[in-house]
Amino acid sequence: MLEASERIVVSKDWITIVLLIAVTLLILNRLKSNDRYYKLKNLLFNNTYINSFSKANPLLFNSFSIIFLAVYVIIISFLLFITVHLVEPEMASYDFLFYLKIAFIVCVFFAIRIIAGLLLGVLIEKERIQKHFTFLKASYLSNYSLIMLPLIAIHFYVNSTIYSYFLLVTAAALFLYYYVLLVKTNQSLVFGKSFYFILYLCTLEIAPFIIMIKYFIL
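To keep things clear, this report deals only with the structure shown in the data block. If you're wondering where the values come from, they're calculated on a predicted model, not measured in any experiment.

Quick notes on the rules
- Residues numbered from 1 in each chain as written.
- Predicted model: local features only at pLDDT ≥ 70, side-chain atom pairs only at ≥ 80, totals over all residues.
- Heavy atoms only, no water.
- Salt bridge = Lys/Arg side-chain N within 4 Å of Asp/Glu carboxyl O.
- Helix = DSSP H or I, 4+ residues; strand = E, 2+ residues; numbered from the N terminus.
- Buried < 20%, exposed > 50% of the residue type's maximum accessible area, 1.4 Å probe, protein only.
- Patch = residues over 30% accessible without salt bridge, like charges linked within 9 Å, V, L, I, M, F, W, Y side chains within 5 Å.
- Areas by Shrake-Rupley, 256 points an atom, 1.4 Å probe, with all protein chains shown as cover.
- Phe/Tyr/Trp six-rings, centres within 6.5 Å; stacked < 30°, edge-to-face > 60°.
- Axes fitted to C-alpha atoms, helices over the stretch in contact; angles between N-to-C directions.
- Parallel < 35°, antiparallel > 145°, perpendicular 65-115°, else oblique.
- Left-handed = near helix turned anticlockwise from the far one by under 90°.
- Contact = heavy atoms within 4.5 Å.
- 1 Å grid on protein atoms, 1.4 Å probe; cavity = no way out; pocket = protein on both sides within 12 Å on 5 of 7 lines; lining within 4 Å.
- Points joined across faces, edges and corners; volume = space filled by probe spheres on them.
- Nonpolar A, V, L, I, M, F, W, Y, C, P; charged D, E, K, R; others polar.
- Core = buried A, V, L, I, M, F, W, Y, C linked by side-chain atoms within 4.5 Å.

### Quick word on the pattern of salt bridges
Evaluated as defined, the whole model comprises one salt bridge. Measuring nitrogen to oxygen at the nearest pair gives 3.4 Å for the salt bridge that ties Lys-39 to Asp-35. Placement of both Lys-39 and Asp-35 in helix α2 (residues 34-41) is noted, with a separation of four residues, approximately one turn of the helix. Taking relative accessible area as the criterion, Asp-35 reaches 46% and is therefore assigned partly exposed.

Dropping the structure here:
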């Protein structure tokens, strides 16, 4: 006699919806600012975007940057979600509420870093440098999102562990490459005003990542 067994089907429809939201936001930005979008897309290969918009007003809190902020919150949250799913499959298990929890933490993380960065800039009387530095990081993160979005979309539909590791290695390597570009672009700050750069690096770059890693792992 056959016994009935409960079958739990985990829906991935929410992943498609969130990815479509990210794509819609990108399309909106492209329609509103096609020239700026095109230059940002090529940021990995040249500094035309930086040279064209580093003196824009407002520099940070404009509609183009805010929309991209939402996009890279989605992207970073997906990367963290995939990482947790690989390490602890039962913890994530394609649970939408767990993804929302990650996204909320990432939002708080970015908000604290932006506010703390601006306050630190005022405190050490380097507000202009701090805003420029934040603009560069936001620009690189926006370009990072454009590259990672299709790779993340592929991940959820090929269902391959090998591809998952390839995705995370690629994401980490690209992230480190952007940091190299960031340091290269700010050589005068790094080598000429090393005290401020080290203070900034320890306060707003290293410490927050350590806290986030401990939160997810421990």
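### Quick notes on a nonpolar patch on the surface
A cluster of nonpolar residues, Val-23, Ile-27 and Leu-31, forms a patch on the protein surface that exposes about 300 Å² of accessible area. Along the chain, Val-23 falls in helix α1 (residues 13-32).

### A few points about the packing of aromatic side chains
Enumeration over the complete set of coordinates arrives at 19 aromatic pairs. Seen in terms of ring centroids, Phe-175 and Tyr-179 are 5.7 Å apart; in terms of plane orientation they differ by 55 degrees. Their pairing is tilted. With Phe-175 and Tyr-179 both in helix α8 (residues 161-185) and four residues apart, the pair spans about one turn of that helix. In textbook terms, an aromatic cluster arises when at least three aromatic residues are bridged by ring pairs, as seen for Trp-14, Phe-78, Phe-81, Phe-96, Phe-98, Tyr-99 and Phe-156.

### Some remarks on the packing of helix α4 (residues 63-87) against α8
Between α4 and α8, the least distance of the axes is 11 Å, while the angle of their chain directions is 135 degrees. Here α4 lies oblique to α8, going by the angle between them. The hand of the α4/α8 crossing is left-handed. Only Thr-161, Ser-164, Tyr-165, Leu-167, Leu-168 and Ala-171 of α8 make contact with α4, whose side of the interface consists of Leu-79, Ile-82, Thr-83 and Leu-86.

### Concerning empty space enclosed by the protein
Under the defined criterion, the tally for this structure stands at two cavities of 30 Å³ or more. In this model, the second largest cavity occupies a volume close to 60 Å³. Forming the walls of the second largest cavity are Leu-40, Tyr-49, Phe-64, Ser-65, Phe-68, Phe-135, Ala-138, Ser-139 and Ser-142. If you list the elements that add at least two residues to the lining of the second largest cavity, you get α4 and α7 (127-158). With four residues, the top contributor of residues to the lining of the second largest cavity is α7. Its residues assigned to classes, the lining of the second largest cavity shows six nonpolar, three polar and no charged.

### Thoughts on the environment of Leu-80
With respect to the helices, strands and loops of the structure, Leu-80 is situated in helix α4. A C-alpha to C-alpha distance of 8.8 Å links Leu-80 and Tyr-99, two positions 19 residues apart in sequence.

### Describing the nonpolar core
Within the largest apolar cluster, 55 residues are counted, with the highest numbers of intra-cluster contacts made by Phe-78, Leu-79, Met-148 and Ile-152. When residues no more than four places from it in sequence are discounted, the contact partners of Ile-152 are Leu-19, Ile-75, Phe-78, Leu-79, Ile-82 and Leu-167.

### Some words on the environment of Tyr-165
Along the chain, the position of Tyr-165 falls in helix α8. In this structure the C-alpha to C-alpha distance between Tyr-165 and Thr-83, which are 82 residues apart in sequence, comes to 8.7 Å.

The analysis is restricted to geometry; functional conclusions fall outside its scope.
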